[in-house]
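So you can see what is in the structure, the chains are spelled out below.
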Amino acid sequence: MNKLIFDNERKIEKFDFDNCIKYKNYKMASAVRALNVANDITKAYFKEEKALSKEDYVLRLYALLQGMFVSIDSLYCLGEAITGNKDIVNINNNPTLRTLKYVRNDVVGHPADRIINSKVPAYCILEHESITKESFLYHIYTVDGVKERIIDINDLVSSYYKEVNLALDELYKIYKKYASTTPLKDSIKNVLDKYYRSGHFMDELNSFMDKYKEIYPTGKKESHRIIWRYDLILRLLSVSNQDEEILDLIHYCIGIELNKIYKLIYGTDYNHRVDFNLPKMVISVYRFFNRNPEYISYIPYLKDSDNPIYYDILKKLYEAASLKKLEGAIEYLGFILTLYKGNQMDLVYAVTLPILEYRKK
């Protein structure tokens, strides 16, 4: 653990806090300082001390979870200070780190106010007698029952440092090379132009990715959102289905991914995206929410399939659409359920994006 923390401190130093203050880059300065503070918290947590009380363990656990949570947010702010877009950072492919935000909110953030939907609350109870330096236990209570979660602290912290250190390396490369991204703008615009005009875009997309990899030759999807979204597009293209409406949905989802890549480069949406026709399935599920606004509060829980209540929410939406006999919405939500049960989580995320874009009329 000490080596990971030491490496993290050296990587943070490259961004030169004093220089940030000198040139009034306060956004970067505050992000850098927050990352350093998290290291102080982690070192204090793992400091060898005898006869710690139950209260000591609780205090240290709260500080550790909050420190890591704030640090992840600071990484996004650091990326935004460098590029103008915080989404340039991508550490959500690590399942342990995705779990971190839920654990932090369950234990530290809102333990007595974890709303599943507008009617069903959840209550998280930390079993403080269970806390050791290595692990802790808590329960989630809902009307559907009780779920037990055991958290391995060493695994959580090690994953945090490994991913954050990779992200800092990539951010530093971007920091040094971001001025060289101008060629990418023309290239990604060409991709979107081809997609919207003809639906054929892969040659242009592969050309864009070749240019991107010239600038970031060691980039990987775990730390580069653009590479991750390119991989999602390939996954979407690999879907084989005889249903034309499913294929229309897939094509539309590819357009969303292309637009998100465009936005990472330009900082704004592609200007013709609003003119693109919605697939019938998306229209149907939007009609479901328009007619049944009590279910709109469910939508935010579909952002991350690692959310412990994701499947329950998705199933309730499917059942509600079935009762309303909205065939397009039923088929759409059923398709996501099939992908989820098949453990195709990348596709679950990509195919759910149109639902996340729903806006109440």
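For the structure itself, look to the data block above.
Below is a short write-up of the structure. All values derive from a computational prediction rather than experimental measurement.

### Brief notes about the overall build of the protein
(1) Moving on: When its secondary structure is counted, the protein shows 14 helices and four strands.
(2) Moving on: Taken over the C-alpha trace, the protein has a radius of gyration of 22 Å; the compact-globule value for 361 residues is 21 Å, and the two agree within 12%.
(3) Moving on: When the backbone C-alpha atoms are referred to their principal axes, the protein occupies close to 65 × 55 × 35 Å.
(4) Moving on: By sequence separation, contacts in the protein at least 24 residues apart represent 66% of the contacts at least 6 residues apart.
(5) Moving on: Of the roughly 17,900 Å² that the protein leaves accessible, carbon and sulfur atoms contribute 50%.
(6) Moving on: Positive and negative side-chain charges in the protein, numbering 52 and 49 respectively, have mean positions lying 3 Å apart.

### Focus: the pattern of salt bridges
(1) Moving on: One pass over the structure, following the stated rule, counts 15 salt bridges.
(2) Moving on: When the shortest N-O distance is used, the salt bridge between K27 and E80 registers 3.2 Å. Here E80 lies in helix α4 (residues 54–83) and K27 lies in helix α3 (residues 26–45), a separation of 53 residues in the sequence.
(3) Moving on: On the basis of relative accessible area, E80 is assigned to the partly exposed category, the value being 26%.
(4) Moving on: The partner of E257 in a salt bridge is R229, and the shortest N-O contact between them spans 2.7 Å.

### A short note on helix α9 (residues 225–237)
(1) Moving on: Helix length check: α9, at 13 residues, gives a terminal C-alpha distance of 18 Å against a target of 18 Å (1.5 Å per residue), a fit within 8%.
(2) Moving on: Taken as a whole, α9 has its buried residues at R225, I226, I227, W228, R229, Y230, L232, I233 and L236.

### Overview of unusual backbone geometry
(1) Moving on: One non-glycine residue with positive phi stands out, namely D16, at about 55°.
(2) Moving on: The residue D16 is located in the loop between α1 (2–13) and α2 (17–22) in this model.
(3) Moving on: Among the residues examined, D16 registers a relative accessible area of 37% and is labelled partly exposed.
(4) Moving on: For K325, which is not glycine, the phi torsion reads 60° and is therefore positive.
(5) Moving on: Here K325 lies in the loop between α12 (310–324) and α13 (327–341).
(6) Moving on: Of the residues examined, K325 reaches a relative accessible area of 67% and is grouped as exposed.

### Observations regarding the packing of aromatic side chains
(1) Moving on: In total, this model carries 21 aromatic pairs according to the counting rule given.
(2) Moving on: Arranged with centres 4.8 Å apart and planes meeting at 55°, the rings of Y212 and Y216 form a pair that is tilted.
(3) Moving on: We classify Y212 as buried; its relative accessible area is 2%.
(4) Moving on: Following the ring pairs from residue to residue traces out a cluster consisting of Y195, Y196, F201, Y262, Y266 and Y270.
(5) Moving on: Here the guanidinium or amino end of R10 rests over the ring plane of F6, the centre of that ring lying 4.5 Å away.

### So, the side chain of H224
(1) Moving on: Tracing the sequence through the fold places H224 in the loop between α8 (202–215) and α9.
(2) Moving on: Reaching out from H224, the side chain makes a polar contact with the side chain of E170 at a distance of 2.5 Å.

### A closer look at the side chain of S284
(1) Moving on: Along the polypeptide, S284 turns up in helix α11 (residues 280–291).
(2) Moving on: A polar contact is formed between the side chain of S284 and the backbone nitrogen of G328, at a distance of 3.5 Å.

### A short note on the pairing of strand β3 (residues 135–142)
(1) Moving on: Bridge analysis of strand β2 (residues 121–126) against β3 gives four bridges, and the strand direction is antiparallel. Paired with Y123 across the two strands is Y141, which belongs to β3.
(2) Moving on: Of the pairings in the sheet, the one linking β3 to strand β4 (residues 145–152) comprises eight bridges and is antiparallel in character. By the bridge assignment, L137 is partnered in β4 with I150.
(3) Moving on: Turn length for the β3-β4 hairpin, with the two strands adjacent in sequence and antiparallel, is two residues.

### What to know about the nonpolar core
(1) Moving on: Ranked by internal contacts, the top residues of the largest apolar core, which has 113 residues, are L78, F136 and F208.
(2) Moving on: In terms of residues, this core owes the most to one element, helix α10 (residues 244–266), which gives twelve residues.
(3) Moving on: Excluding residues that lie within four positions of it along the chain, F208 makes contacts with L184, S187, I188, V191, I226, I261 and I265.

Rules used in this analysis
By convention here, each chain's residues receive numbers from 1 onward along its written sequence. Whole-chain, interface and lining totals are the exception, using all residues; otherwise, since this is a predicted model, local features are given only for residues with pLDDT of at least 70 and side-chain atom pairs are given and counted only at 80 or more. Excluded from the side-chain calculations are hydrogens and water; all other atoms, namely the structure's heavy atoms, are used. Strands here mean DSSP runs of E at least two residues long; helices mean DSSP runs of H or I at least four residues long; both are numbered from the N terminus. We compute the radius of gyration from the C-alpha atoms alone; for a globule the expected value is 2.2 Å times N to the 0.38, where N is the number of residues. In this analysis, two residues are considered to be in contact whenever any of their non-hydrogen atoms come within 4.5 Å of each other. The method behind every accessible area is Shrake-Rupley, applied with a 1.4 Å probe, and residues are considered shielded solely by the protein chains displayed. Neither His nor the chain termini are counted; the positive set is Lys and Arg, and the negative set is Asp and Glu. Here the site of a charge means atom NZ of a Lys, CZ of an Arg, CG of an Asp or CD of a Glu. What makes a salt bridge here is a side-chain nitrogen of Lys or Arg within 4 Å of a carboxyl oxygen of Asp or Glu, nothing more. Burial classification: accessible surface area is computed with a 1.4 Å probe over protein chains only, and a residue below 20% of its type maximum counts as buried, one above 50% as exposed, and the rest as partly exposed. A helix is expected to span 1.5 Å multiplied by its residue count minus one. Each aromatic pair joins two rings of Phe, Tyr and Trp (for Trp, the six-membered one) with centres within 6.5 Å, and gets the label stacked for planes under 30 degrees apart, edge-to-face for over 60, and tilted for any other angle. Both a distance and an angle decide whether a charge sits over a ring: NZ of Lys or CZ of Arg must be within 6 Å of the ring centre and within 35 degrees of the ring normal. Any N or O atom pair separated by 3.5 Å or less is treated as a polar contact, with the protein-specific requirement of one donor-capable and one acceptor-capable atom, and with residues adjacent in sequence counted only for side-chain atom pairs. By the convention used here, strands pair only if DSSP detects at least 2 bridges between them. Only buried Ala, Val, Leu, Ile, Met, Phe, Trp, Tyr and Cys residues count toward a nonpolar core, and they belong to the same one when joined by side-chain atoms within 4.5 Å.

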